[in-house]
Amino acid sequence: MEERTEIRLSGSGGQGLILAGIILAEAAILDGKNAVQSQSYGPEARGGASRAEVIISESSIDYPKVTKPDILLALTEEALMKYKDNLKPNGVIIIDSSIKKPELPVKIISLPIIETAQKKAGRVIVANIVALGVLTTATKIVSKVSVEEAVMDRVPKGTEELNKKALYAGFELGESFYTFYNY
């Protein structure tokens, strides 16, 4: 991992990406790293554009805003189009496979995140947690143990098993990508 890693999680309001950003930052802190998290919503919370930004660093974080992300997670085409050109040259984009894969000179990981949430966990609402599982295995930015602990601490009471199922489906999805493509 570089000294400072900038991550932007983007999609539409209601997809739970703000919560995913908070969980990712907390997982980094549990791993003994420094982290800051910020968020922004579109004009209409549900359905409008939303993004959460997380900076994870081994040392102190002097500037708390994401300027050029190392990692972009986009769960909607609108989010991808809005943020794809701002990535670092060696950046990684993780998109849901329902989004047309753009022609960009960066590594693009396209996986059925939303479909996996529906099929493996039974609820599309946990696509954010599936995405966190994919992000964890794809980037190794946080440990699986810490992200699981942060998920369990943050999800609404009574939804722990559903979210754990979604997280493990995300881990599996991310690992299948790497097994298949031999990264």
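On a predicted model such as this, the values are computed, not experimentally measured, just so you know.

What counts, and at which threshold
Residues numbered from 1 in each chain as written. Predicted model: local features only at pLDDT ≥ 70, side-chain atom pairs only at ≥ 80, totals over all residues. Heavy atoms only, no water. Helix = DSSP H or I, 4+ residues; strand = E, 2+ residues; numbered from the N terminus. Rg over C-alpha atoms; globule rule 2.2 N^0.38 Å. Buried < 20%, exposed > 50% of the residue type's maximum accessible area, 1.4 Å probe, protein only. Contact = heavy atoms within 4.5 Å. Areas by Shrake-Rupley, 256 points an atom, 1.4 Å probe, with all protein chains shown as cover. Lys, Arg positive; Asp, Glu negative; His and termini not counted. Charge placed at Lys NZ, Arg CZ, Asp CG, Glu CD. Arc of directions from axis to C-beta. pLDDT = per-residue confidence, 0-100. Core = buried A, V, L, I, M, F, W, Y, C linked by side-chain atoms within 4.5 Å. Salt bridge = Lys/Arg side-chain N within 4 Å of Asp/Glu carboxyl O.

Caption draft 1: Representation of the overall build of the protein chain within the structure. Secondary structure summary: the protein chain contains six helices and six strands in total. Secondary structure elements of the protein chain occur, N-terminal to C-terminal, as β-α-β-β-β-α-β-β-α-α-α-α. Computed over its C-alpha atoms, the radius of gyration of the protein chain comes to 15 Å, within 12% of the 16 Å expected for a compact globule of 183 residues. C-alpha atoms of the protein chain, sized along the principal axes, occupy 40 × 40 × 35 Å. Looking at the protein chain as a whole, 51% of its 183 residues qualify as buried. Contacts spanning at least 24 positions in sequence make up 58% of the contacts within the protein chain whose residues lie at least 6 apart. When the accessible surface of the protein chain is split by element, carbon and sulfur atoms take 53% of a total near 8700 Å². When the 22 basic and 23 acidic side-chain charges of the protein chain are each reduced to a single mean position, those positions are 3 Å apart.

Caption draft 2: Quick peek at helix α3 (residues 113-121). Buried within α3 are the following residues: Ile 113, Thr 116, Ala 117 and Ala 121. Burial along α3 is one-sided: seen end-on, the buried residues are contained in an arc of 105°. The first or second residue beyond α3 is Gly 122, which carries a positive phi of 85°.

Caption draft 3: Just the environment of Ile 109, in detail. Note that Ile 109 resides in strand β6 (residues 107-111). By relative accessible area, which is 0% here, Ile 109 ends up buried. Put simply, Ile 109 and Phe 177 are 68 residues apart on the chain and 8.1 Å apart in space, counted from C-alpha to C-alpha.

Caption draft 4: Seen up close, the confidence of the model for the protein chain. Counting all residues, the mean pLDDT for the protein chain is 90, and 91% of those residues have values of 70 or more. When mean pLDDT is taken per element in the protein chain, helix α5 (residues 144-154) scores highest with 97 and helix α6 (residues 160-181) scores lowest with 87.

Caption draft 5: Fine view of the environment of Lys 101. Looking at where Lys 101 falls in the secondary structure, it is placed in the loop between β5 (92-96) and β6. With relative accessibility at 45%, the residue Lys 101 sits in the partly exposed group. With 65 residues separating them along the chain, Lys 101 and Ala 166 place their C-alpha atoms 24 Å apart. With sequence-adjacent residues up to four places away left out, Lys 101 is seen in contact with Ile 95, Ile 108 and Ser 110.

Caption draft 6: Fine view of the nonpolar core. Ranked by size, the top nonpolar core spans 44 residues in total, and within it Leu 24, Ile 56, Ile 94, Ile 113 and Leu 132 carry the most contacts. Tyr 83, Ile 95, Ile 99 and Val 106 belong to the second largest nonpolar core, which has 11 residues in total.

Caption draft 7: Fine view of the side chain of Thr 136. Looking at the element boundaries, Thr 136 is found in helix α4 (residues 127-139). Apart from the residues lying within four places of it in its own chain, the contact partners of Thr 136 are Ile 141, Val 142, Ser 143, Lys 144, Val 147 and Phe 171.

Caption draft 8: Looking closely at the pattern of salt bridges. Using the criterion set out here, one finds 11 salt bridges in the structure. Between Asp 62 and Arg 4 there is a salt bridge whose closest N-O contact spans 3.6 Å. Here Asp 62 is found in the loop between β3 (49-57) and β4 (71-74), whereas its partner Arg 4 is found in strand β1 (residues 4-12), with 58 residues between them in sequence. Residues participating in the shared-partner salt-bridge network are Arg 4, Glu 6 and Asp 62.

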